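Now for the letters of each chain:
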Amino acid sequence: GLGDIVLPGLLLSFASRYDESKRLMGLVSGGSGRVANNACPDAGGSMSRSKSSGPMGFLCCCCCRSGYFGPIMVAYAIGLMMANMAVYIMQMGQPALLYLVPCCLGTMMFMAKRAGELSDLWEGPRVIRAADALMWGEQLVESAENEREEEERRALDVGMEASLNNEEAEMT
């Protein structure tokens, strides 16, 4: 169905946003804006094709230099090809998520673990929050933090009221 295409597409859009946020923060901090990626040994280096020649070298240069989006896009295409092959071989419909999710999510997890960014991706990337603050101003970030603090205060107040009501009910 539609979810078979949309859910991996959301991961692709997240990867793209993450890569662009890293590029933007690199430009702001005075860098070249090139995304450094430890998952590819040739990423971030010179553009010469002496180290990586041939079609696989070209694929590595195109995919790894752009962060997460390129490799996940290739993994998405491979997963979609696997799903179509399974339908052809088994002569019955197959859920595409069965093939797309391991390819896309597995690729992202492998690359993030290798680059040392897995915990940052899991907990919510700081680079995206920093890029949002840069693009939309500090007020947006501060107002979101103020709203969160206000919600925490309300939750504490509700919890304290509930405990007081329980204590009053026990006394009577």
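What counts and how
Residues numbered from 1 in each chain as written. Predicted model: local features only at pLDDT ≥ 70, side-chain atom pairs only at ≥ 80, totals over all residues. Heavy atoms only, no water. Phe/Tyr/Trp six-rings, centres within 6.5 Å; stacked < 30°, edge-to-face > 60°. Helix = DSSP H or I, 4+ residues; strand = E, 2+ residues; numbered from the N terminus. Buried < 20%, exposed > 50% of the residue type's maximum accessible area, 1.4 Å probe, protein only. Core = buried A, V, L, I, M, F, W, Y, C linked by side-chain atoms within 4.5 Å. Salt bridge = Lys/Arg side-chain N within 4 Å of Asp/Glu carboxyl O. Contact = heavy atoms within 4.5 Å. Axes fitted to C-alpha atoms, helices over the stretch in contact; angles between N-to-C directions. Parallel < 35°, antiparallel > 145°, perpendicular 65-115°, else oblique. Left-handed = near helix turned anticlockwise from the far one by under 90°. Nonpolar A, V, L, I, M, F, W, Y, C, P; charged D, E, K, R; others polar. Patch = residues over 30% accessible without salt bridge, like charges linked within 9 Å, V, L, I, M, F, W, Y side chains within 5 Å. Areas by Shrake-Rupley, 256 points an atom, 1.4 Å probe, with all protein chains shown as cover.

Draft legend 1. Geometry of the packing of aromatic side chains. By the definition in use, this model includes two aromatic pairs. Residues F14 and Y18 carry aromatic rings whose centres are separated by 6.3 Å and whose planes lie at 25 degrees to one another, so their mutual orientation is stacked. Taken together, the residues F14 and Y18, both in helix 1 (residues 3-28) and four residues apart, mark about one turn of the helix. Under the relative-accessibility criterion, F14 is labelled partly exposed at 27%. Judged by its relative accessible area of 2%, Y18 is buried. By the ring-pair criterion, three or more aromatic residues cluster together here, those being F14, Y18 and Y68.

Draft legend 2. Highlighting the nonpolar core. Formed by 17 residues in total, the largest nonpolar core has its most connected members in Y18, Y68, I72, M108 and L121. Looking at this core, the elements that each hand over two or more residues are helix 1, helix 3 (69-90), helix 4 (97-115) and helix 6 (126-136). Element by element, the count of residues in this core is highest for helix 4, at six residues.

Draft legend 3. The arrangement of the pattern of salt bridges in detail. All told, the structure shown has two salt bridges when counted by the stated rule. With a closest N to O distance of 2.9 Å, R23 and E20 form a salt bridge. On the criterion of helical spacing, the pair formed by R23 and E20 is a turn pair, its members being three residues apart in helix 1. Of the charged contacts in the structure, one is a salt bridge between E117 and K22, with a shortest N-O distance of 2.8 Å. Here the residue E117 occupies a position in the loop between helix 4 and helix 5 (118-123), and K22 occupies one in helix 1, the gap between them amounting to 95 residues.

Draft legend 4. Representation of unusual backbone geometry in the model. Within the chain, Q91 stands out as a residue other than glycine whose phi angle is a positive 55 degrees. Residue placement: Q91 occurs in the loop between helix 3 and helix 4. Residue class for Q91 comes out exposed when judged on its relative accessible area of 64%.

Draft legend 5. View of the side chain of D120. With respect to the secondary-structure elements, D120 resides in helix 5. In this structure, D120 is in contact with Y18, P125 and R126, ignoring residues within four places of it in sequence.

Draft legend 6. Seen up close, helix 6. Taken together, the buried positions of helix 6 are occupied by V127, I128, A131 and A133. Two residues or fewer past helix 6, G137 is found with a positive phi of approximately 90 degrees.

Draft legend 7. Seen up close, the packing of helix 3 against helix 4. Across the interface, helix 3 lies against helix 4 with an axial gap of 7 Å and an inter-helix angle of 155 degrees. The angle between the axes of helix 3 and helix 4 places the two elements in the roughly antiparallel class. For the element pair helix 3 and helix 4, the recorded crossing hand is right-handed. Residues P71, I72, A75, Y76, G79, L80, M82, A83, A86 and M90 of helix 3 pack against Y99, L100, C103, C104, T107, M108 and M111 of helix 4. A breakdown of the residues in the contact of helix 3 with helix 4 according to their chemical character gives 15 nonpolar, two polar and no charged.

Draft legend 8. Seen up close, a nonpolar patch on the surface. A grouping of I78, M81, M82, M85, Y88, I89, M90 and M92 is seen on the molecular surface, where their side chains present a nonpolar patch of about 880 Å² in accessible area. Within the secondary structure, Y88 sits in helix 3.

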